[in-house]
Amino acid sequence: MVGDSASEELPFVAPCRTLPALAPLQWLREGASDMRRAAGASLVYGAAIALASVAIVAVAWRYGTYWSVLILLSGFSFVGPVLAIGLYSLSRQRVRGQRPALAPSLRDVARVLGTTMVFSLSLLIVFLVWARAGSMLHVFYPDDGDAGWADFLLFLGIGSAVGGLFAVFTFACSAFALPFITDRQCDAVTAIVTSINAVLRNKRAMLVWGACIVGAVLLGFALGVVGLGLTIPWIGHATWHAYEATIDADAWPHHPVEPA
């Protein structure tokens, strides 16, 4: 009864701090430090995420079918967040005074798996709507033999605008939600709403942060599988520090830190 009463008193959204525009640069520095101190465990998670990403690209390139890519993206929307939890756990261990290790991070993943799956299901729904919207955009494709550059630019403009809206919404939902779930005893809805609120209240810093993430992912793809295995853990650790710098989650109880 006491636990139920305490949970009812929790706010619907965790408050956030106001960030300077260049705060993400500090998160990247701290993320690099975490990666050096937990290099082995970080690279295990990085390799898993990188291989999954390459598999999606390979299937898309080989078969080029809408359904094959959609099925893989659907699977990745469940696997990706679970692997990311492990990276956040490694940074959390370090912040809490422990030596980062793989085994405790795996136990952290298992503990919050249910909440993570709810978050992943929400992400999957966004992906499915995104994919459906993308398929509907073909009605704007200029199939007339007399179509000019203006027609193609209109098609690309509409596609980019629709894709951009979905990308921004997905980023806002996930920017801080998973670290919050990893660190505190909160539900997926509270974590998502908290993330959206923090992004909207720190637009300049989030614009810089989004550019950093895109740049790191592009760099990873440019360097191949090895590059992704390095840049993805870096961003994962930095995301933990982004959460700690942004979200004031003191009202929610901590998850216990798993012993090594």
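Caption draft 1: Here's a closer look at the overall build of the protein chain. Tallying secondary structure elements over the protein chain gives 11 helices and 0 strands in all. Put simply, the protein chain runs from its N terminus to its C terminus through helices and strands in the order α-α-α-α-α-α-α-α-α-α-α. Within the protein chain, the fraction of its 260 residues that count as buried is 42%. Counting only contacts in the protein chain whose residues sit at least 6 apart along the sequence, the fraction spanning at least 24 positions is 79%.

Caption draft 2: Here's a closer look at the pattern of salt bridges. For the structure shown, the criterion picks out 8 salt bridges. The residue R92 makes a salt bridge to D108 at a minimum N-O spacing of 4.0 Å. Residue R92 is located in helix α4 (residues 66-95), and its partner D108 is located in helix α5 (residues 102-111); the two are separated by 16 residues in the primary sequence. Here R92 matches D108 in class, with each residue buried. In this structure, R111 engages D108 in a salt bridge whose closest nitrogen and oxygen atoms are separated by 2.6 Å. Taken as a pair, R111 and D108 lie in helix α5 at a separation of 3 residues, close to a single helical turn.

Caption draft 3: Here's a closer look at the packing of helix α2 (residues 23-37) against helix α10 (residues 203-222). Between α2 and α10, the shortest axis-to-axis distance is 8 Å and the interhelical angle comes to 40°. Between α2 and α10, the crossing angle belongs to the class labelled oblique. The residues of α10 that touch α2, namely those facing P24, W27 and L28, are A205, M206, V208, W209 and C212. A per-class count over the contact of α2 with α10 returns 8 nonpolar, no polar and no charged.

Caption draft 4: Structural detail: the nonpolar core. Of all hydrophobic cores here, the largest spans 50 residues; its most connected members are W27, F119, F176, F180, M206 and W209. Not counting residues up to four positions away in its chain, the partners in contact with F119 are P81, C173, S174, A177, L178, I181, A188 and I192.

Caption draft 5: Spatial organisation of the packing of α10 against helix α11 (residues 224-246). Packing of α10 against α11 brings their axes to within 6 Å, and their N-to-C directions diverge by 160°. Taken together, the axes of α10 and α11 lie roughly antiparallel to each other. For the pair α10 and α11, the contacting residues are W209, C212, I213, A216, V217, L219, G220, F221 and A222 in the first and G224, G227, L228, T231, I235, A238 and T239 in the second. Considered class by class, the residues forming the contact of α10 with α11 number 11 nonpolar, 5 polar and no charged.

What counts, and at which threshold
- Residues numbered from 1 in each chain as written.
- Predicted model: local features only at pLDDT ≥ 70, side-chain atom pairs only at ≥ 80, totals over all residues.
- Heavy atoms only, no water.
- Helix = DSSP H or I, 4+ residues; strand = E, 2+ residues; numbered from the N terminus.
- Buried < 20%, exposed > 50% of the residue type's maximum accessible area, 1.4 Å probe, protein only.
- Contact = heavy atoms within 4.5 Å.
- Salt bridge = Lys/Arg side-chain N within 4 Å of Asp/Glu carboxyl O.
- Axes fitted to C-alpha atoms, helices over the stretch in contact; angles between N-to-C directions.
- Parallel < 35°, antiparallel > 145°, perpendicular 65-115°, else oblique.
- Nonpolar A, V, L, I, M, F, W, Y, C, P; charged D, E, K, R; others polar.
- Core = buried A, V, L, I, M, F, W, Y, C linked by side-chain atoms within 4.5 Å.

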